[in-house]
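The primary structure of each chain is shown beneath.
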Amino acid sequence: MIKELVKDEAVLSKKCTRATAEDEKIARDLIDTMKSIEDCACLAANQIGETVAMGAYLDDNEDAHVLYNPRIMMGLGAQKLTEGCLTREEPSKVTRYAKVKVSFDELVDGELKPRKRDFMGWTGQMIQHICDHCQGKLV
Ligand SMILES: [Zn+2]
């Protein structure tokens, strides 16, 4: 279901709780909402009002993926960037890594499975942005 974006800082600054397999409905809402917004390639659950640690992104082939409980384990090539956010008026200055190792859970047949993957470039940047949202950081 397409949800309304939440710009309330009280919601966005709350640290998100752990996502579970029962949060599959949120995953679907994230994808529906992300695809309904032009030029939107990533969205965290708290941006649609659910303070649960999960987020969705579109890969280079425009395929949607959902990460449950994403966490940056390691980053290489830190650089300072100015980054915009759908639910913030002003862009923020952030430090982003060119390459990150991320741990997350993936929903497979109704169960969460732990995964680790490297992400680079633009996709890596989106995932770092999603992780910030999950921590309740206003980016
Ligand atoms: Zn954002």
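Residues numbered from 1 in each chain as written. Predicted model: local features only at pLDDT ≥ 70, side-chain atom pairs only at ≥ 80, totals over all residues. Heavy atoms only, no water.

A. Local environment of the sheet that holds strand β2 (residues 54–58). Pairing is antiparallel across the open sheet formed by five strands, whose spatial order is β1-β2-β3-β4-β5. With partners counted over all chains shown, the strands left at the sheet margins are β1 (42–44) and β5 (111–120), one partner each. Between one strand and the next, the sheet's axes are offset by a mean angle of 35°, whatever the strand orientation. Pairing geometry for strand β3 (residues 64–83) and strand β4 (residues 92–108), over twelve bridges, is antiparallel. The partner of K80 across the bridge, within β4, is T95. Against the sheet, helix α2 (residues 24–36) makes contact with β1, β2, β3 and β4, and its axis sits at roughly 35° relative to β2, the strand it touches most. (Pairing = 2+ DSSP bridges. Helix = DSSP H or I, 4+ residues; strand = E, 2+ residues; numbered from the N terminus. Axes fitted to C-alpha atoms, helices over the stretch in contact; angles between N-to-C directions. Contact = heavy atoms within 4.5 Å.)

B. Highlighting the pattern of salt bridges. Scanning the entire structure with this criterion turns up eleven salt bridges. Taking the shortest distance from any N to any O, the salt bridge between R96 and D132 comes out at 2.9 Å. Taken together, the positions of R96 in strand β4 and D132 in helix α3 (residues 121–134) put the pair 36 residues apart, joining distant regions of the chain. With respect to class, R96 is no different from D132; both count as buried. One salt bridge connects K101 with D118, and the closest N-O pair in it is separated by 3.2 Å. Separated by 17 residues along the polypeptide, K101 in strand β4 and D118 in strand β5 bring together distant segments of the chain. A single network of salt bridges, built from pairs that share partners, joins E83, R96, D132 and K137. (Salt bridge = Lys/Arg side-chain N within 4 Å of Asp/Glu carboxyl O. Buried < 20%, exposed > 50% of the residue type's maximum accessible area, 1.4 Å probe, protein only.)

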